[in-house]
Amino acid sequence: MSRILGFMNSAGGAGRTTSALSIAVAFSEYGRRVLMVDCDPQGALTFILGKERSHRSVYDIYAGRERALGMIHQTNERVDLIPSSPKLYQLSRLKKSEVLFHALNSFEYDIIIIDAAPGLGEINQSVLAAADELIIPTRLDLLSVRGAIDVAEASKKYRAKVRAILPTMVDARAKHGVEMMNELIGKFGKQVIDPGIPKSLLIPEAVVAGTSLLNFKKSSEISGRFREITYDLL
Ligand SMILES: Nc1ncnc2c1ncn2[C@@H]1O[C@H](COP(=O)(O)OP(=O)(O)OP(=O)(O)O)[C@@H](O)[C@H]1O
Ligand SMILES: [Mg+2]
């Protein structure tokens with residue numbers, strides 16, 4: 001059975017997609033077979049990996065076609081992808097929140113990484129029911145930290161356990177950020193990855209280049225930081 005990691009924060013713009021992709025690529029560098037699943041209808045991950053307008057997508061899983069052929073796409077990053085689709089916006093009530101869990105358990109990968117949307121709606125509940133572990137990326141501001149705490153609370157009713165809180169876009173000079181970091185450590189202790197991911201212009205530049213940070217600037221300090229974090233998750 002694959003190990004399933006969900007990247008989730010109920011607040012938007014927390015650094016989920018960036019962290020999910022960077023850590024997925026680092027896992028593949030460590031020799032793991034990695035599948036990414038884009039569960040966000042916005043499809044940022046699908047866009048970065050160049051798989052927009054794919055005929056088959058994660059929507060097929062939610063529509064009851066768990067084993068639809070052609071759902072898994074190879075990418076240039078040595079990770080496979082089940083892309084998102086705007087059809088996810090039209091999804092009416094899910095019959096069972098375990099639908100994603102059952103589908104993902106039929107795939108043979110070492111690691112499955114799910115990029116979740118903001119919020120705690122039905123699709124995200126299915127992610128909480130599918131994941132073994134949660135990585136909660138958060139900016140060091142109050143709304144993002146609040147979203148991180150909401151996910152940790154929500155996860156208590158599901159099988160997913162919080163593995164790590166990952167501070168993102170960290171600006172060491174920001175006093176408010178230091179206060180938020182202390183607040184997180186007070187609440188989550190050693191689960192908080194310290195230091196987190198620094199703010200870096202390389203990240204939006206990698207998006208423009210249509211590639212992951214780890215392939216865009218292989219030897220940069222920030223790529224190295226993602227590798228160290230992934231090593232601790234191995
Ligand atoms: N360490 C960083 N330094 C600078 N910019 C960053 C960093 N991490 C992420 N960003 C940028 O911040 C924005 C939000 O990041 P990202 O898309 O990873 O977050 P998200 O939680 O997936 O957001 P969304 O709610 O849109 O799904 C993106 O434009 C991204 O390029
Ligand atoms: Mg995202």
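Residues take numbers from 1 onward in each chain, read along the sequence in its written order. Key to labels: chains lettered from A, ligands numbered from 1, both in the order written. Given that this is a predicted model, residues contribute local features only at a pLDDT of at least 70 and side-chain atom pairs are listed and counted only at 80 or more, while totals for whole chains, interfaces and linings are drawn from all residues. With hydrogens and water excluded, all non-hydrogen atoms of the structure serve as input to the side-chain values.

(A) Summary view of the overall build of the protein chain. Scanning the protein chain for helices and strands turns up ten helices and seven strands. The atom set for the radius of gyration is the C-alpha atoms, and the globule formula is 2.2 Å times the number of residues raised to the power 0.38. A compact globule built from 234 residues would reach a C-alpha radius of gyration of about 17 Å, and the protein chain, at 17 Å, matches this within 12%. Reported as C-alpha extents along the three principal axes, the dimensions of the protein chain are approximately 50 × 40 × 30 Å. Per-residue burial for the protein chain yields a buried fraction of 55% across its 234 residues. Note on contacts: a residue pair is in contact if any heavy atoms of the two residues lie within 4.5 Å. Sequence separation of at least 24 residues holds for 78% of the intrachain contacts in the protein chain that already meet a minimum separation of 6. Here, Shrake-Rupley sampling with a 1.4 Å probe gives the accessible areas, and only protein chains in the shown set may cover a residue. By element, 52% of the accessible surface of the protein chain is carried by carbon and sulfur atoms, the whole surface being about 11,100 Å². Helix and strand definitions follow DSSP, with helices as H or I runs of at least four residues and strands as E runs of at least two, each counted in order from the N terminus. For every residue, the accessible area obtained with a 1.4 Å probe (protein chains only) is divided by the maximum for its type, and the residue is called buried under 20%, exposed over 50%, and partly exposed between those limits.

(B) Examining unusual backbone geometry more closely. Omega for the bond connecting D194 with P195 falls within 30 degrees of zero, at 0°, which places this linkage in the cis form. Examined against the element boundaries, P195 turns out to sit in the loop between helix 7 (175-188) and helix 8 (202-209). Within the chain, R53 stands out as a residue other than glycine whose phi angle is a positive 60°. When you line up the elements, R53 lands in the loop between helix 2 (44-48) and helix 3 (58-62). Look at R53 and you get exposed, because its relative accessible area is 80%. Not every positive phi belongs to a glycine, and M169 is a case in point at roughly 50°. Tracing the backbone shows M169 in the loop between strand 7 (161-168) and helix 7.

(C) Fine view of the environment of L21. Checked against the element boundaries, L21 lands in helix 1 (residues 16-29). Looking at L21, the relative accessible area reads 5%, which means it is buried. Residues L21 and I114 lie 93 residues apart in sequence; the distance between their C-alpha atoms is 9.5 Å.

(D) Inspection of the site of ligand 1 at higher detail. Any residue with a heavy atom lying within 4 Å of a molecule or strand is counted as near it. Taken together, 17 residues lie near ligand 1, and G13, A14, R16, T17 and T18 sit nearest. Polar contact is defined as a pair of N or O atoms within 3.5 Å, subject to the rule that within protein one atom must be able to donate a hydrogen and the other to accept it, and that residues adjacent in sequence are counted only when both atoms are side-chain atoms. Within the backbone of G13, one N or O atom sits 2.8 Å away from an oxygen atom of ligand 1. At 2.8 Å from an oxygen atom of ligand 1 is found a side-chain nitrogen or oxygen belonging to T17. For ligand 1, whose accessible area on its own is 630 Å², the fraction buried by protein is 77%. Contributions of two or more residues to the shell around ligand 1 are made by helix 1 and helix 8. The biggest single contributor to the shell around ligand 1 is helix 1, with three residues. Note on residue classes: Ala, Val, Leu, Ile, Met, Phe, Trp, Tyr, Cys and Pro are nonpolar, Asp, Glu, Lys and Arg are charged, and everything else, Gly too, is polar. When the residues that make up the shell around ligand 1 are grouped by side-chain class, the tally is seven nonpolar, seven polar and three charged.

(E) Structural detail: the pairing of strand 1 (residues 3-7). In terms of residue burial, strand 1 counts as a mostly covered element, since five of its five residues are buried. Because side chains alternate across strand 1, one face comprises the buried residues R3, L5 and F7, and the other comprises I4 and G6, equally buried. When DSSP finds at least two bridges between two strands, those strands are taken to pair. Direction of pairing for strand 1 relative to strand 5 (residues 111-115): parallel, over a ladder of five bridges. Note that in strand 5 the partner of I4 across the bridge is I112.

(F) Representation of the nonpolar core in the model. For this analysis, a nonpolar core means a set of buried residues of the types Ala, Val, Leu, Ile, Met, Phe, Trp, Tyr and Cys, connected via side-chain atoms within 4.5 Å. Counting 45 residues, the largest nonpolar core has V37, C39, V58, Y62, L100 and I114 as the members making the most contacts within it. Among the nonpolar cores identified, the runner-up in size contains 31 residues, and A26, I111, I113 and L214 belong to it.

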